[in-house]
Amino acid sequence: MDNNAIADVFDEVADILEIEEVEWKPRAYRNAALGIRNYSKPLSEVYKKDGIKGLKEIPGIGENIAKKIEEIILTGKLSYLEKIRREIPKVIVELMALQHVGPKTAKKIYDKFKIKSMEDLKKLIKQGKLHELKGFGEKLEHEILEGIEDKEKKGKRYMLNEALPLAEEIKNEIMRQKGVSKALVAGSIARMKENIGDIDILVEARKSEPIMDYVAKMKIVEKVLSKGETRSSIVLKNGIQVDVRIVPKESFGSATQYFVGSKEHNVRMRQIAIKKGLKLSEYGLFKGGKAIAGAKEEEIYRKLGMEWIPFEMREERGEIEAAQKGKLPKLVELKDIKGDLHCHSTYSDGRATIAQLVKSAEEMGYEYIAIADHSEYNKIGEGISEKIRREENKEIDKANKNSNIRIIKGIEADIKKDGTIDMSKEMANEVDIVIASVHIGSDEKDATKRTLMAMDNPAVNIIAHPTGRIFEEGKEGTMDFEMISDKAKERGIILEINANPYRFDLNDVNAYAAMKKGIKMVIDTDAHDLSELECMKYGVGIARRAWCEKKDIINTMPWNKIEKIIRR
DNA sequence: GCCGTTTTCGGCCCGACTGTTTTCAGTCG
């Protein structure tokens, strides 16, 4: 079981204990689940190496939960969960997953009607029977029904690349309104999470400005859910909910702090405030009812005894401790990126010509771009023979003569079933950089072994999308990242952070682990299209969530320096 | 059940919103 699966176990324990109205334990189990999700090493590895003692190092894990993790690792299940599951009908836990239904409501509904499934609840609502319960009006009924239908329709999270452009569009529209001095995309988008639940936009303005009237007229808007003085909600045509909050100047910093989140980060911040005899809320930092900070985030962090923390780090993964010690990393920025080392042209399955890619790269201010088309073995990627690649390389040589930026001859060579690289020794010397990758088809079970073998090949510089995850297909990395990263460290191989939102591989957790091991990484877009070159910002977001600095990312360096780093 | 340069016991974030509330409980972020 991987870390997320173990965390799910403890979240379910928390759900059940919440229904049973057990005090405080649910919080402890939730904290444990969070600590596990945020932990970069697989718990089974930690346990193998350091046993219970190692597990207790993880935030939120004490003696008791450590023992429970041990049981899960050794037996694949948790007898405690199985025991408490028997105490509570399963449907109650399911009900709790609905919007507007918490433990109290779920229990109340069950106790009265003894329903057995979601379908039963739907029937109940359609017959108007939920009214019989005290505290259930028409509106709540309607909203619960909507919640069920939403759940049936689709998973409620959206990809970052879907949400971010829309959020920016709305923000820009708001910025154009009179009386608006600032607007900011907050929430999980600001933290560059790979998937997001809704869009949060924070606006600095005097109250009652008719901002929302303008937003409501935008083409991307489906309907307005609610419109208030300080808080409004709308739904976009693609189903994303947008919450817009309007705050006065003196609270903009504290509101930013609050609405950027994460929730866990904020909880810690408030605890720290309390210890200092202060109170932190979205309205400001208060001492005895008097605001001592609020307009600027920096001031809030400073008065709580720490450095200002970049949005992407605010996940309660040790960033607060680092900020208190003044030891935050200086995160890599988009403007540090000097080029893209993994792009596909029309020679293989790309949709842009080399000339077009080079022109775009030049406009983006890059110093270099690598054309790394697929090798012949990759049929889906329309891989090319070495004969054609030699023609391509000639074209690159020619283009380099009158180009302002360096065009690099690359190859994305497939790692074949036997672990060898789909590239001749001669070709290895004819290209500037070799990216090797497994393209998982029906033969994914040996992917780790094959990748490890490929990394022993002295021609290989970069391993692309190192865990083989593909988001849309729900494919999480099937490869053993511990083994791959250890090998990368040993062999000096560069690991790729693939900025394509359908991959995001390495993800933030793995990239953090790689950074900690001192492995160098490269942020590539794997662009198959000119527009995909723009995905670099998402890759930088992952790197920032992984606490990476400029020195960890090779394509922040000029090409002549990269040449020295990559093993030839 | 976890955690501690304020504590090994006694805490555990805070405020808005909503419904139907006649003063507040439940849920959410």
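For the structure itself, look to the data block above.
None of the values given here were measured: they were computed from a predicted structure.

Basis of the calculations
- Each chain carries its own residue numbering, running from 1 in the written order of its sequence.
- Lettering of chains starts at A and numbering of ligands starts at 1, both following the order in which they are written.
- Where local features are concerned, this predicted model is filtered to residues with pLDDT of at least 70; where side-chain atom pairs are given and counted, the filter is 80 or more; whole-chain, interface and lining totals use all residues.
- No hydrogens and no water enter the side-chain calculation; it runs on all heavy atoms of the structure.
- When the centres of two rings from Phe, Tyr and Trp lie within 6.5 Å, Trp using its six-membered ring, the rings pair. Their planes under 30 degrees apart give stacked, over 60 give edge-to-face, and anything left gives tilted.
- Think of it this way: any DSSP run of H or I at least four residues long counts as a helix, any run of E at least two long counts as a strand, and we number them from the N terminus.
- Using a 1.4 Å probe on the protein chains alone, a residue whose accessible area is under 20% of its type maximum counts as buried, one over 50% counts as exposed, and one in between counts as partly exposed.
- Strand pairing requires that DSSP identify at least two bridges connecting the strands.
- All axes here are fitted lines through C-alpha atoms, helices being fitted over the stretch that makes contact, and every angle between N-to-C directions spans 0 to 180 degrees.
- Whether two residues are in contact is decided by their heavy atoms: any pair within 4.5 Å suffices.
- Note: crossing handedness is left-handed where the near helix turns anticlockwise from the far helix by less than a right angle, and right-handed where it turns clockwise.
- Gly is placed with the polar residues, together with every amino acid not listed as nonpolar (Ala, Val, Leu, Ile, Met, Phe, Trp, Tyr, Cys and Pro) or charged (Asp, Glu, Lys and Arg).
- The salt bridge definition used is simple: a Lys or Arg side-chain nitrogen within 4 Å of an Asp or Glu carboxyl oxygen.
- What the arc measures is the spread of directions leading from the helix axis to the C-beta atoms.
- Pairing of N or O atoms within 3.5 Å defines a polar contact, subject to two protein rules: one partner must be a possible hydrogen donor and the other a possible acceptor, and residues neighboring in sequence count only if both atoms are side-chain atoms.

Colleague: How should I be thinking about the packing of aromatic side chains in this particular structure?
Modeller: In this description, a pair of aromatic rings is defined by centroid distance and the angle of the planes. The tally for this structure, following the rule as stated, stands at 7 aromatic pairs. Considering the side-chain rings of Tyr-368 and Trp-559, the 6.1 Å spacing of their centres and the 55° angle between planes classify their relative orientation as tilted. Of this pair, Tyr-368 sits in strand β12 (residues 368-374) while Trp-559 sits in helix α24 (residues 559-565); the two residues are 191 residues apart in sequence, bridging distant segments of the chain. Taken as a pair, Tyr-368 and Trp-559 share a single burial class, namely buried.

Colleague: Help me out: how do you make sense of the sheet that holds strand β8 (residues 279-281) in this one?
Modeller: Across a sheet, strands are paired by hydrogen bonds formed along the backbone, either parallel or antiparallel in direction. The antiparallel open sheet is built from 3 strands, whose spatial order is β8-β9-β10. A single partner strand is all that each edge strand has here, and the edge strands are β8 and β10 (290-293). The mean angle between the axes of side-by-side strands here comes to 40°, regardless of whether they run parallel or antiparallel. Direction of pairing for β8 relative to strand β9 (residues 284-287): antiparallel, over a ladder of 3 bridges. Each bridged residue has a counterpart across the sheet, and for Leu-280 the counterpart in β9 is Leu-285. Helix α14 (residues 263-275) rests against β8 and β9 of the sheet, and its axis sits at about 155° to β8.

Colleague: It is not clear to me how the packing of helix α1 (residues 3-19) against helix α5 (residues 79-87) should be interpreted in this structure. Could you clarify?
Modeller: Each pair of packed helices can be described by the angle between their axes along with the distance between the axes. It is the contact of α1 with α5, at a shortest axis distance of 10 Å, that shows an interaxial angle of 30°. Handedness of the α1/α5 crossing: left-handed. Listed contacts from α5 to Val-9, Glu-12, Val-13, Ile-16 and Leu-17 of α1 are Tyr-80, Leu-81, Ile-84 and Arg-85. Of the residues in the contact of α1 with α5, the class split is 7 nonpolar, no polar and 2 charged.

Colleague: Is there a simple way to explain the pattern of salt bridges in this structure?
Modeller: Oppositely charged side chains are able to pair whenever their charged atoms sit close together. Summed over the entire model, instances satisfying the criterion amount to 43 salt bridges. The residue Glu-312 makes a salt bridge to Arg-544 at a minimum N-O spacing of 2.7 Å. Remark: Arg-544 occurs in helix α23 (residues 536-545) and Glu-312 occurs in the loop between α15 (297-303) and α16 (319-324); sequence separation between them is 232 residues. The same class applies to Glu-312 and to Arg-544, which are both buried. With a closest N to O distance of 2.7 Å, Glu-430 and Arg-390 form a salt bridge. Here Glu-430, found in helix α19 (residues 425-430), pairs with Arg-390, found in helix α18 (residues 386-401); they are 40 residues apart in sequence, far enough to count as distant. When its relative accessible area of 29% is taken as the criterion, Glu-430 is described as partly exposed. Through salt bridges that share partners, Asp-8, Asp-11, Asp-15, Glu-18, Arg-30 and Arg-37 make up one connected network.

Colleague: Whenever I open this one, helix α8 (residues 118-126) confuses me. Can you help?
Modeller: Spacing of three or four residues puts side chains on the same side of an α-helix, whose turn is 3.6 residues. Residues Met-118, Leu-121, Lys-122, Leu-124 and Ile-125 constitute the buried set of α8. For α8, the angular spread of buried residues about the axis comes to 160°, placing them on one side. Capping of α8 at its N-terminal end is provided by Ser-117; its side-chain oxygen lies 3.3 Å from the backbone amide nitrogen of Glu-119. Just downstream of α8 lies Gly-128, where phi reads positive at about 70°.

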